[in-house]
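Now for the letters of each chain:
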Amino acid sequence: MCGIVGYTGHRAAAPLIMDGLKRLEYRGYDSAGLAVVLDGRLEIDKAAGKLAVLASRLPTDGHTGTLALGHTRWATHGAPNDVNAHPHTDTDGTIAVVHNGIIENAAALRAWLSERGCRFRSETDTEVLAHLISELYTDSLEAAVAEALRRVEGTYGLGVISTHEPNTLVAARLGSPLLLALGDGENFIASDAAAVVEHTRSVVYLDDGEVAVLTPDNYHIVDLDKTRVEKTVSVVDWDLETIERGGHAHFMIKEILEQPEAITNTMRGRLLEEEGTARLGGIDMTDEQLLEIDRVVLTACGTSWHAALIGEYMLEELARIPAEVEYASEFRYREPLVDSRTLVIGLSQSGETADTLAALREAKKRGARTLGIVNSVGSTIAREVDGGTYIHAGPEIGVASTKAFTCQVVALALLTLRLGRLRTMSLLQGRKMVKALRRLPQQVRQVLGHSKEIEKLADTYALAQNALFLGRGYNFPVALEGALKLKEISYIHAEGYPAAEMKHGPIALIDEMMPVICVAPSDAVYQKIVSNVQEVKARRARIFAVVTEGEEEITSLADQTVTIPKTIDCLTPVLSVIPLQLLAYHVAVRRGCDVDQPRNLAKSVTVE
Ligand code: G6P
């Protein structure tokens, strides 16, 4: 997501920070900034857009200060503009802060700090930290940061510098990665080793709840209770390219493995367990307005369209609102029937897909209220819709979408909760759904634990010419998504079908050469899909099934199975899609395909 680089030493810091930030560009960002301590002042330069824009704003003779912090921001709170870019400072410009993560109690802290006379300039949660640290500063930056963090709820990877201590760099971590890099007469902090590895390979990885204090020749680490922590120094021996992918061979597998964290971020601060509902401030609609809606249309392309299908099932079953899904490219040209009581929801990872954008514009023109379920903050769709929900999945770089899909499904579950609880969903049902959502990240982790088994399977599937994916109910869209993943990156022809509909055509294709992948968790339609799997088995197909732990019937029919933990029906897609993502990935690797940039495909399709 965002990137952090900090430096304290004997060299001019600005160029080192800019080089470091460049190394983090692959993570995706939408604005950048730099703070340098120079002659007792903080020089701050910030710019929306790419690093080149920031570079063009720096003085041509460079900053000569030897203490600095830099940041690339991928917007979460507030649009990606100059003001919201990091670093943020306190009112008097004595403290500068860069931050990755989300401060959940930012609103309460902001109110408290404003009452004490702090002047806020940005919409970010991060600015709260700069003011808070400044308020608590007496004679030690280390103590002020530790005290501030005791009052903060949320997650952070944090870098702080101050004019009061012109050699000191303070860093802290809770849930967002940060490391110290130790040089000769100079030390760095970075959110990722890629930013510093050209200067030193000796690093100390911070753990959650630790605060580090660095000067050019020394460093020490304490916990929030000020107790010293001794850490081992590790040596980074990866090449740069591998580091940027966090040690993984491809972005796609990195992103598949990031799903527990990404889903946690989608839900952060939004689940209301007591009330059995979800808080979605961004949709910007009152209960009355939400109750006026008599129909929902979900529109999207590609993987986002598959997530929309799951949303349709959820909204109809659990919120009892008529819902339908439209390919954005079709919707935009077919004189759609929508009015002010229709809620048109556009789903898009990039927020820039031309057809989805056009479909939303068309809906708006016809008087519908529009919402976006989007990953990229500040993207065109996010800006143009009447309201929306960011999924906060973090940058997705692999062309084949993975973590955005599961996060979109989670966001749709939150919306279903919000709309359902206003209508027919009982408090008990709502609470049950909130509990099931809370368990999801850990359950996703469990499914990811099967990666090695699936990797072994890939040897067989890599030889296939075709594959058929079957599912029913909530898992029919998962079958579509599994097929899409496989064809996108391995170029194996694959089709997804509703398991029962298979009898009306595709069954003609089935023989021992046709692998059939059955997505069959224990849910309301489980017994129905058992019969479909028998039909497939009778035609001698090789069957790989995704089933719920403890299930026996399909396991005894299938050649291979992978299990997922039990959850409520509407959330099974979040778990059942993961083995299919892993299968597609490992098959594509076996076939020697360009996994992250498959032929003919683009990550963001901004043309019709
Ligand atoms: C492209 C990508 C797909 C993506 C689709 C929709 O085709 O290759 O992975 O699902 O666009 O993108 P969006 O950014 O709108 O979700």
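The notes below deal with the structure included here. Please read all numbers here as calculations on a predicted model, not as lab measurements. (Residues numbered from 1 in each chain as written. Predicted model: local features only at pLDDT ≥ 70, side-chain atom pairs only at ≥ 80, totals over all residues. Heavy atoms only, no water.)

### What about the overall build of the protein?
Stage number 1. Looking only at helices and strands, one finds 20 helices and 26 strands in the protein.
Stage number 2. The globule rule puts the C-alpha radius of gyration for 608 residues at 25 Å, and the 25 Å found for the protein is close to it.
Stage number 3. Summarising its shape, the C-alpha atoms of the protein cover approximately 80 × 55 × 45 Å along the three principal directions.
Stage number 4. Expressed as a percentage of the 608 residues in the protein, the buried residues total 61%.
Stage number 5. Relative to all contacts within the protein whose residues are 6 or more apart in sequence, the contacts with residues 24 or more apart total 71%.
Stage number 6. Averaging the coordinates of the 62 positive side-chain charges in the protein and doing the same for the 81 negative ones gives two points 4 Å apart. (Helix = DSSP H or I, 4+ residues; strand = E, 2+ residues; numbered from the N terminus. Rg over C-alpha atoms; globule rule 2.2 N^0.38 Å. Buried < 20%, exposed > 50% of the residue type's maximum accessible area, 1.4 Å probe, protein only. Contact = heavy atoms within 4.5 Å. Lys, Arg positive; Asp, Glu negative; His and termini not counted. Charge placed at Lys NZ, Arg CZ, Asp CG, Glu CD.)

### Some points on the site of the ligand
Stage number 1. Taken together, 14 residues form the shell around the ligand, and within it S304, S348, Q349, S350 and T353 come nearest.
Stage number 2. The side chain of S348 places a nitrogen or oxygen atom 2.6 Å from an oxygen atom of the ligand.
Stage number 3. A distance of 3.2 Å separates an oxygen atom of the ligand from a polar backbone atom of V399.
Stage number 4. The fraction of the free accessible surface of the ligand (390 Å²) that becomes covered by protein chains is 90%.
Stage number 5. When residues in the shell around the ligand are grouped by element, the largest group, three residues, is from helix α10 (residues 302–318). (Near = heavy atom within 4 Å. Polar contact = N/O pair within 3.5 Å; in protein donor to acceptor, adjacent residues only side chain to side chain. Areas by Shrake-Rupley, 256 points an atom, 1.4 Å probe, with all protein chains shown as cover.)

### Some words on the pairing of strand β20 (residues 369–374)
Stage number 1. Counting buried residues along β20, five of its six residues qualify, which places the element largely inside the surrounding structure.
Stage number 2. Across six bridges, the pairing between strand β19 (residues 342–348) and β20 is parallel. Bridge pairing in β20 places L347 opposite I373.
Stage number 3. One crossover worth recording links β19 to the parallel β20 by way of helix α12 (residues 354–365), and it is right-handed. (Pairing = 2+ DSSP bridges. Right-handed = clockwise from strand over helix to strand, strands pointing away.)

### Notes on the sheet that holds strand β18 (residues 323–327)
Stage number 1. Sheet architecture is open: five strands sit in the order β18-β17-β19-β20-β21, paired in parallel fashion. Each of the sheet's edge strands pairs with one partner strand only, and the pair in question is β18 and β21 (387–390). Ignoring which end each strand starts from, the neighbouring axes of this sheet average 20 degrees apart.
Stage number 2. Direction of pairing for β20 relative to β21: parallel, over a ladder of four bridges. Within the sheet, the bridge partner assigned to L371 lies in β21 and is G387.
Stage number 3. The sheet strands contacting α12 are β17 (295–300), β19 and β20, and the helix crosses β19 at an angle near 165 degrees. (Axes fitted to C-alpha atoms, helices over the stretch in contact; angles between N-to-C directions.)

### Brief notes about the layout of surface pockets
Empty space left among the atoms is revealed by rolling a probe the size of a water molecule over them.
Stage number 1. Roughly 1100 Å³ of internal volume is contained in the largest pocket.
Stage number 2. If you trace the largest pocket, you find 40 residues lining it, with R27, P177, K254, E258 and E261 closest to the centre.
Stage number 3. Residues of the lining of the largest pocket, tallied by class, amount to 18 nonpolar, twelve polar and ten charged.
Stage number 4. Taken as a whole, the second largest pocket spans an internal volume of roughly 910 Å³.
Stage number 5. Around the second largest pocket sit 36 residues that line it, and T76, H77, R270, Y390 and H392 are the ones nearest its centre. (1 Å grid on protein atoms, 1.4 Å probe; cavity = no way out; pocket = protein on both sides within 12 Å on 5 of 7 lines; lining within 4 Å. Points joined across faces, edges and corners; volume = space filled by probe spheres on them. Nonpolar A, V, L, I, M, F, W, Y, C, P; charged D, E, K, R; others polar.)

### Let's talk about the packing of helix α4 (residues 126–136) against helix α5 (residues 141–150)
Stage number 1. The geometry of α4 relative to α5 is characterised by a closest axis approach of 8 Å and an angle of 120 degrees between their N-to-C directions. Judged on the interaxial angle alone, α5 and α4 are oblique. Considering how the two elements wind past one another, α4 and α5 form a crossing that is right-handed. Of the residues in α5, those touching α4 at L129, L132, I133 and L136 are L141, A144, V145, E147, A148 and L149.
Stage number 2. By residue class, the composition of the contact of α4 with α5 is nine nonpolar, no polar and one charged. (Parallel < 35°, antiparallel > 145°, perpendicular 65-115°, else oblique. Left-handed = near helix turned anticlockwise from the far one by under 90°.)

### What to know about the pattern of salt bridges
Stage number 1. For the coordinates displayed, the defined rule picks out 32 salt bridges.
Stage number 2. In this structure, the salt-bridge partner of R361 is E384, at a minimum N-O distance of 2.7 Å. Of this pair, R361 sits in helix α12 while E384 sits in helix α13 (residues 380–384); the two residues are 23 residues apart in sequence, bridging distant segments of the chain.
Stage number 3. In this structure E384 comes out as partly exposed when scored by relative accessible area, which is 29%. (Salt bridge = Lys/Arg side-chain N within 4 Å of Asp/Glu carboxyl O.)

### A few points about the sheet that holds strand β24 (residues 515–520)
Stage number 1. Overall, parallel pairing links the five strands, which are arranged β23-β22-β24-β25-β26 in an open sheet. Looking at the sheet topology across the chains shown, the edges are occupied by β23 (493–498) and β26 (560–564). Averaged over all adjacent pairs, the angle separating strand axes in this sheet is 15 degrees, with direction ignored.
Stage number 2. Pairing between β24 and strand β25 (residues 542–548): six bridges, direction parallel. Bridge pairing in β25 links V519 to V546.

### Section: empty space enclosed by the protein
Stage number 1. Within this structure, the stated rule accounts for three cavities of 30 Å³ or more.
Stage number 2. A volume near 80 Å³ is recorded for the largest cavity.
Stage number 3. Forming the boundary of the largest cavity are 13 residues, of which R73, T76, H86, H99 and G101 lie nearest the centre.
Stage number 4. In terms of residue class, the lining of the largest cavity is built from three nonpolar, eight polar and two charged.

### Let's talk about the nonpolar core
Stage number 1. Membership of the largest hydrophobic core comes to 96 residues, with the highest contact counts inside it found for V296, L298, I345, L347, M433, L437 and F469.
Stage number 2. Broken down by element, this core gets its largest block of residues, twelve residues, from helix α14 (residues 403–422).
Stage number 3. Every residue in contact with L437, bar those within four places of it in the chain, is listed here: M267, L271, V410, A413, L414, L417 and L571. (Core = buried A, V, L, I, M, F, W, Y, C linked by side-chain atoms within 4.5 Å.)

Everything listed here is a matter of coordinates, which is why it stays silent on function.
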